[in-house]
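Residue strings, one per chain:
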Amino acid sequence: MDYLGKNIRKLGFGLMRLPMIKKEIDLEQTKEMVDLFMAKGFTYFDTAYGYINGKSEAAIKTALVDRYPRESFQLATKLPAWAVSTAAEAKEMLHTSLRRTGAGYFDYYLMHNVSESRKKVFDDFGIWDYMLELKEKRLARHIGFSYHDKADLLDRILTEHPETEFVQLQINYADWESESVQSRQCYEVALKHNKPIIVMEPVKGGVLANPADSVRKIFEEADPKASLASWAIRFAASLDKVITVLSGMSTTQQMKDNLSYMEDFRPLSLEETAVIVRAREALRAIPSIPCTSCAYCVKGCPQQIHIPVFLDALNRNMIFGDLQGAKRTYQIALMLGSTKPSACIACGNCEDVCPQQIHIIDTLKDAAALSE
């Protein structure tokens with residue numbers, strides 16, 4: 001590879017889902033996982049200011065930074081400017097992350113989750129210019145942002161900010177043609193702007209490691225020895241311009257499985273790509289709510305219910321059987337300011353504007369029953 005990240009191998013260690021003992025990170029198992037990862041020549045670690053309430057950054061100091069030469073690995077973290085009230089507080093987050101990790105600098109420093117609703121905060125706080133300052137001071141070797149939104153906005157941001165060196169995108173075979181996530185479209189925008197890509201959520205929060213039976217059957221018939229997670233990670237790693245694919249590993253066994261097929265990574269063959277297509281079609285055949293996250297329903301909601309998020313939670317349970325993931329999605333919506341779905345007064349404004357003609361009022365009752 002002749003672009004940014006050419007010395008980084010195709011598997012990165014995502015530090016959002018570290019092994020836990022009750023409410024604390026299992027540091028001994030984390031050390032074992034780090035050692036296995038480094039021993040096989042993998043060197044990219046990804047954390048964030050808010051992961052595990054800040055404990056992830058502290059854990060990587062103990063498990064990695066204090067135990068290996070600084071130039072032997074790459075460490076990435078993220079700045080969630082939207083979580084504070086002032087520019088000064090946002091800029092201080094970098095120094096907090098440096099203290100927690102003891103890293104001295106970050107190889108990759110990201111603005112965390114730039115989206116339509118959060119872009120204004122990064123703009124108003126002057127974070128784009130701040131990132132350039134950090135790069136000049138060598139506190140951040142490379143600057144970019146993580147992104148969960150539509151392709152047209154990504155195109156606009158990359159046009160406005162050509163100084164961005166890379167982007168971190170949610171890419172997996174389940175979301176590849178999704179109208180709400182727009183994995184493929186966002187990927188193509190990054191290619192258009194010639195930006196290297198770091199992939200997040202390749203296994204979609206773990207659900208593609210345990211998909212529906214119809215999907216499982218397709219993969220097991222194609223290769224009974226391959227883990228289900230391996231199909232998802234290799235799909236993302238096979239894409240052009242990808243620096244690395246982050247896997248949020250929670251156990252030593254997950255680490256060993258990922259290393260078993262990524263140590264000598266081979267891109268998907270044409271035959272294997274056809275298997276992925278069949279699996280995607282099987283997923284699409286599972287009954288689901290046809291929400292495209294256009295958010296027309298939200299604008300006219302007098303109760304300020306973030307309807308698409310709750311419909312996504314229902315789909316997560318319907319398609320993948322991931323009840324815990326659905327409940328996490330529900331809680332995240334509340335944290336981001338949504339009213340509970342049970343607050344619906346059945347005014348019908350949402351149904352009047354829904355392009356997909358979803359029976360939203362009844363669906364919100366299902367969402368309330370699922371998680372309240």
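For the structure, see preceding data.
Residues numbered from 1 in each chain as written. Predicted model: local features only at pLDDT ≥ 70, side-chain atom pairs only at ≥ 80, totals over all residues. Heavy atoms only, no water.

K.L.:
So what exactly am I meant to see when it comes to the sheet that holds strand β1 (residues 11–14) here?
P.N.:
Spatial strand order, β1-β4-β5-β6-β7-β8-β9-β10: 8 strands in a closed barrel with parallel pairing. Taken pair by pair, the neighbouring strands of this sheet meet at an average axis angle of 30°, ignoring direction. Looking at chain direction, strand β5 (residues 74–79) and strand β6 (residues 106–114) are connected through 4 bridges and run parallel. For T77, the partnering residue across the bridge sits in β6 and is Y109. The sheet strands contacting helix α5 (residues 127–136) are β5, β6 and β7 (140–147), and the helix crosses β7 at an angle near 150°. Taken strand by strand, helix α6 (residues 151–160) contacts β6, β7 and β8 (166–170), and its axis lies near 155° from that of β7. (Pairing = 2+ DSSP bridges. Helix = DSSP H or I, 4+ residues; strand = E, 2+ residues; numbered from the N terminus. Axes fitted to C-alpha atoms, helices over the stretch in contact; angles between N-to-C directions. Contact = heavy atoms within 4.5 Å.)

K.L.:
What am I meant to see in the side chain of D322 here?
P.N.:
With respect to the helices and strands, D322 occurs in the loop between α13 (307–320) and α14 (323–335). In this structure D322 comes out as buried when scored by relative accessible area, which is 14%. Those residues in contact with D322, other than ones at most four positions away along the chain, are V207, R316, N317 and R328. (Buried < 20%, exposed > 50% of the residue type's maximum accessible area, 1.4 Å probe, protein only.)

K.L.:
What should I look at first to understand the packing of aromatic side chains in this one?
P.N.:
For any pair of aromatic rings, the description consists of the separation of the ring centres together with the inter-plane angle of the planes. For the coordinates displayed, the defined rule picks out 16 aromatic pairs. Ring centres of F45 and F73 lie 6.4 Å apart, and the angle between their planes is 90°; this geometry places the pair in the edge-to-face category. One end of the pair, F45, is in strand β4 (residues 44–46); the other, F73, is in the loop between α2 (55–65) and β5, with 28 residues separating them in the sequence. Here F73 falls in the buried class, since its relative accessible area comes to 1%. Ring geometry for Y173 and F219: centres 5.7 Å apart, planes at 70°, overall edge-to-face. Residue Y173 is located in the loop between β8 and α7 (183–192), and its partner F219 is located in helix α8 (residues 213–222); the two are separated by 46 residues in the primary sequence. The pair Y173 / F219 is uniform in exposure class, with both members buried. Taken together through their ring pairs, the aromatic side chains of Y173, W176, Y187, F219, W231 and F235 make up a single cluster. Against the face of Y49 rests R100, its NZ or CZ located 4.4 Å from the ring centre. It is R118 that lies over the ring of W82; its NZ or CZ is 3.7 Å from the centre. (Phe/Tyr/Trp six-rings, centres within 6.5 Å; stacked < 30°, edge-to-face > 60°. Lys NZ or Arg CZ within 6 Å of the ring centre and 35° of its normal.)

K.L.:
How do you make sense of the pairing of β6 when you look at a structure like this?
P.N.:
By the criterion of burial, β6 is predominantly enclosed, with 9 of the 9 residues buried. The sheet contact formed by β6 and β7 spans 6 bridges and is parallel. Across the sheet, Y108 pairs through a bridge with H142, a residue of β7.

K.L.:
Would you mind going over the pattern of salt bridges with me for this structure?
P.N.:
Two side chains that carry opposite charge are able to pair once their charged atoms sit near each other. Taken as a whole, this structure holds 24 salt bridges when the rule is applied. When the shortest N-O distance is used, the salt bridge between R156 and E116 registers 3.7 Å. Of this pair, R156 sits in helix α6 while E116 sits in the loop between β6 and α4 (119–124), and the two are 40 residues apart along the sequence. On the basis of relative accessible area, R156 is assigned to the partly exposed category, the value being 37%. One continuous salt-bridge network, built from bridges that share partners, spans K119, D123 and E160. (Salt bridge = Lys/Arg side-chain N within 4 Å of Asp/Glu carboxyl O.)

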